[in-house]
Amino acid sequence: QTILQEWITNLSKYGKDNTQATIDLRAKRSHSGIEIWIWDSNEFFDLRKVLENVPELSQNRDAGKRGLKLIEQISDQFNYRSEHKRNCLYVVKSF
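Right, let's walk through the structure included here. (Residues numbered from 1 in each chain as written. Predicted model: local features only at pLDDT ≥ 70, side-chain atom pairs only at ≥ 80, totals over all residues. Heavy atoms only, no water.)

1. A closer look at the sheet that holds strand β1 (residues 23-29)
Item 1. Reading across from one edge, β1-β2-β4-β3 is the order of the four strands in this open sheet, with antiparallel pairing throughout. With one partner strand each, in any of the chains shown, β1 and β3 (77-83) form the two edges of the open sheet. Going across the sheet, the axis of each strand differs from the next one's by a mean of 15°, ignoring polarity. (Pairing = 2+ DSSP bridges. Helix = DSSP H or I, 4+ residues; strand = E, 2+ residues; numbered from the N terminus. Axes fitted to C-alpha atoms, helices over the stretch in contact; angles between N-to-C directions.)

2. A look at the pattern of salt bridges
Item 1. This structure, assessed with the given rule, holds three salt bridges.
Item 2. We note a salt bridge from E72 to K69, for which the minimum N-O separation is 3.1 Å. Within this pair, E72 and its partner K69 are both found in helix α3 (residues 66-74), separated by three residues, close to a single helical turn.
Item 3. Take K69: its relative accessible area is 4%, and that puts it in the buried class.
Item 4. R81 is paired through a salt bridge with E83; the nearest N and O atoms lie 3.1 Å apart.
Item 5. Taking relative accessible area as the criterion, E83 reaches 36% and is therefore assigned partly exposed. (Salt bridge = Lys/Arg side-chain N within 4 Å of Asp/Glu carboxyl O. Buried < 20%, exposed > 50% of the residue type's maximum accessible area, 1.4 Å probe, protein only.)

3. A few points about the layout of surface pockets
Item 1. Considered as a void within the structure, the largest pocket measures approximately 230 Å³ in volume.
Item 2. Contributing to the lining of the largest pocket are 14 residues, with N10, Y14, G15, E43 and F45 lying nearest its centre.
Item 3. The element that contributes the greatest number of residues to the lining of the largest pocket is helix α1 (residues 2-14), accounting for three residues.
Item 4. In terms of residue class, the lining of the largest pocket is built from seven nonpolar, three polar and four charged. (1 Å grid on protein atoms, 1.4 Å probe; cavity = no way out; pocket = protein on both sides within 12 Å on 5 of 7 lines; lining within 4 Å. Points joined across faces, edges and corners; volume = space filled by probe spheres on them. Nonpolar A, V, L, I, M, F, W, Y, C, P; charged D, E, K, R; others polar.)

Purely geometric numbers; function is a separate question.
Here it is as structure tokens:
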């Protein structure tokens, strides 16, 4: 839930005009965890590069990009890629 909330907040806050943006979601639960795919039509950015420049949560008192850092910390695996004019955040969270 936190991952979805933080990512969608980020897309809404920093993405292109919200009336034109689309967000699609797919989730798959297994015996060991959950996989989440969130597709968006916003401008692609290098998530790993952005995260390199964001201080750890304990040192980051500024609200900016804290949600991205939180996603990084609570996910067991994640990837953000662009394909066919859409972007996809893929997250795995184990139980």
